[in-house]
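Here is what each chain is made of, one letter per residue.
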Amino acid sequence: MELMERLKQAADYIKERTKYSPKTGVILGSGLGEFGDSLENAEYYDYKDVPNLPVSTVVGHKGRFVVTDNIICMQGRFHFYEGYKLNDVTFPIRLMKLLGVEKLIVTNAAGGVNTNFSAGDLMVITDHINMMGTNPLIGENLDDFGTRFPDMSNGYDKDMIEIAMKAGEKQGLTLKQGVYCAMTGPSFETPAEIRMVRVLGGDAVGMSTVPEVIIANHCGIRVLGISCITNLAAGVSQQPLNHAEVIETTQLVKEKFIDLLKSIVQEV
Ligand code: HPA
């Protein structure tokens, strides 16, 4: 079946069941899913029940949409490293578009490349570098969503960045800002790769987000990105990296992260 047809089926499934029409999408990254549990009067749609959605496999992800009157939240996302096609990784973004979403807040766990960063910092994404070696828009263009050659010079919306910075200030948080560099994973980077990323202008490195942000921009959804710096990237500290550390750090920051996200969601 054509992608558009599959998207419409998925959107109809939710439209037929929901009493809400949220205008803001939220993607919760590894270890950051608890925000979705904290929402009141929410509806839940398991990915496995929504037609044509892939099933999330990574530990620390629940795999469902949480819908309220103002947001549709993804508890768990689809990663390229899981083996999905980028059309599947980004399927939920276009689904959200069909549901009427206008703004997207993407979050992720990321390694700190900038030597001024510490584990536990939150970084507002100002721009990205796509080092995945591919692009989710490769293939036939879906003109109903957007143009063949979409502009990415405002990939991360300036007004939303300002809202996020102000929300952080109000909470007494010093939010970092920086460029997110996307690798495919699933192996963590080598120290040499991290030095390369730093030379290229990356401040944080991760394995998600960029395909979703490209697709959001293509279809005119404005984007805010927030990275939770869960660890210093390879070679920045001498410690070996592992996923358990990533999840541990997200657990340490989850309260300030949830508060920040709540206040941003109210403002956007
Ligand atoms: N590299 C890539 N992805 C990550 C990292 C990292 O160091 N930490 C959390 N996600």
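Shown above is the structure to which this text applies.
Residues numbered from 1 in each chain as written. Predicted model: local features only at pLDDT ≥ 70, side-chain atom pairs only at ≥ 80, totals over all residues. Heavy atoms only, no water.

Engineer: Give a description of the overall build of the protein that names residues and reports values.
Structural biologist: Broken down by element type, the protein carries seven helices and nine strands. Compactness check: the protein gives a C-alpha radius of gyration of 17 Å against a globular reference of 18 Å for 268 residues, within 12% of the reference. Structurally, the protein occupies a C-alpha span of about 50 × 40 × 35 Å along its principal axes. Out of the 268 residues in the protein, the part that is buried amounts to 56%. Taking the intrachain contacts of the protein between residues at least 6 apart in sequence as the baseline, contacts between residues at least 24 apart amount to 82%. Accessible surface computed for the protein: about 11700 Å², of which carbon and sulfur atoms make up 49%. Taking the average location of the 25 positive side-chain charges in the protein and that of its 33 negative ones, the two points are 1 Å from each other. (Helix = DSSP H or I, 4+ residues; strand = E, 2+ residues; numbered from the N terminus. Rg over C-alpha atoms; globule rule 2.2 N^0.38 Å. Buried < 20%, exposed > 50% of the residue type's maximum accessible area, 1.4 Å probe, protein only. Contact = heavy atoms within 4.5 Å. Areas by Shrake-Rupley, 256 points an atom, 1.4 Å probe, with all protein chains shown as cover. Lys, Arg positive; Asp, Glu negative; His and termini not counted. Charge placed at Lys NZ, Arg CZ, Asp CG, Glu CD.)

Engineer: Can you lay out the site of the ligand for me, pointing to particular residues and giving the numbers?
Structural biologist: Near the ligand, the surroundings consist of Ala109, Ala110, Gly111, Phe188, Glu189, Val205, Gly206, Met207, Thr230, Asn231, Leu241 and Val246. Gly111 has a polar backbone atom sitting 3.3 Å from a nitrogen atom of the ligand. If the ligand stood free it would expose 260 Å²; the protein chains cover 95% of that surface. The site holding the ligand turns out to be the largest pocket. (Near = heavy atom within 4 Å. Polar contact = N/O pair within 3.5 Å; in protein donor to acceptor, adjacent residues only side chain to side chain. 1 Å grid on protein atoms, 1.4 Å probe; cavity = no way out; pocket = protein on both sides within 12 Å on 5 of 7 lines; lining within 4 Å. Sits in = over half its atoms within 2 Å of the grid points.)

Engineer: I'd like a description of a nonpolar patch on the surface, backed by residues and values.
Structural biologist: The grouping of Met196, Val199 and Leu200 at the surface amounts to a nonpolar patch, some 300 Å² of accessible area in total. Among the structural elements, Leu200 can be located in helix 5 (residues 191–200). Accessibility expressed as a relative area gives 48% for Leu200, which makes it partly exposed. (Patch = residues over 30% accessible without salt bridge, like charges linked within 9 Å, V, L, I, M, F, W, Y side chains within 5 Å. Salt bridge = Lys/Arg side-chain N within 4 Å of Asp/Glu carboxyl O.)

Engineer: Tell me about the pattern of salt bridges, and name the residues and values.
Structural biologist: Inspection of the entire model under this criterion finds 12 salt bridges. A salt bridge links Arg64 to Asp37; its shortest N-O distance comes to 2.9 Å. On the criterion of sequence distance, the pair formed by Arg64 in strand 3 (residues 64–67) and Asp37 in the loop between strand 1 (24–28) and strand 2 (43–46) is long-range, its members being 27 residues apart. By relative accessible area, Asp37 is classed as partly exposed at 35%.

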